[in-house]
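Here are the chains, one letter per residue:
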Amino acid sequence: MTGFIGTAWLNQALSECGHSEEAYKMLLNTRFPSWLYPVTQGATTIWERLNSYTKENGFGGNNSMNSFNHYAFGSVTNWLMQYSLGIARDETTPGFQHFILQPTPDPTGTLTHAEGFYDSMYGRIESQWEQTTHETHYHFVVPANTSATLWLSTAGGKAIYLDGKQVDKTTKGVVLGSAIRDKQSLNLPAGSYDFVVK
């Protein structure tokens, strides 16, 4: 048990150190203690105690001084937004006028699809990914008057395709950036994008 303050940072630390597989295993675990254990007991909100109520013992004396809709500092949902979906702020540009897209699909293959959005002051930022056996499909929306730096994994020599054509220096509207540790950066102006990595 690490508590809400420590737990809020665990998945982020794992992903930043290259251990997203472990972060997903923590996210998807249903044994006690875990994020999904309360869901197996009927939770529809985040509880202050992961065993606030159990099917076996009911409240079991755990409901004194106990929140059944706990604030939790965003906890694991912050990691889902910034790392799984990959919508992150660029610390050099306030207000999401420029932002980072760094989606990290589940390397374990247990979670095969994720989608979400952030309503910035410039409009809705969207990120979506879906994994199949040999490729990963991505969909992004970059709002008007903004831009984004997208990082996609090219581990194992994978190629990036936009609208069915392999991305290179001549791809219209997309500027290839640097490649660091099996990740390729692309600079995206406002628009809607459908990428495939295969």
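Residues numbered from 1 in each chain as written. Predicted model: local features only at pLDDT ≥ 70, side-chain atom pairs only at ≥ 80, totals over all residues. Heavy atoms only, no water.

Enquirer: Is there a simple way to think about the pattern of salt bridges in this case?
Expert: Any two side chains of opposite charge can pair, on the condition that their charged atoms come close. This model, assessed by the stated rule, comprises 2 salt bridges. With a closest N to O distance of 3.5 Å, Glu-21 and Lys-25 form a salt bridge. Of this pair, Glu-21 and Lys-25 are both found in helix H2 (residues 20–28), 4 residues apart, which corresponds to roughly one turn of the helix. What makes Glu-21 partly exposed here is its relative accessible area of 34%. One salt bridge in this structure joins Arg-124 and Asp-119, with 2.8 Å as the shortest N-O distance. (Salt bridge = Lys/Arg side-chain N within 4 Å of Asp/Glu carboxyl O. Helix = DSSP H or I, 4+ residues; strand = E, 2+ residues; numbered from the N terminus. Buried < 20%, exposed > 50% of the residue type's maximum accessible area, 1.4 Å probe, protein only.)

Enquirer: Hey, could you run me through the side chain of Ser-127 in this one?
Expert: Structurally, the position occupied by Ser-127 is in strand E4 (residues 123–131). Accessibility expressed as a relative area gives 1% for Ser-127, which makes it buried. For Ser-127, the residues in contact, after removing those within four places along its chain, are Leu-85, Ile-87, Pro-103, Ala-114, Glu-115, Gly-116, His-139 and Phe-140. (Contact = heavy atoms within 4.5 Å.)

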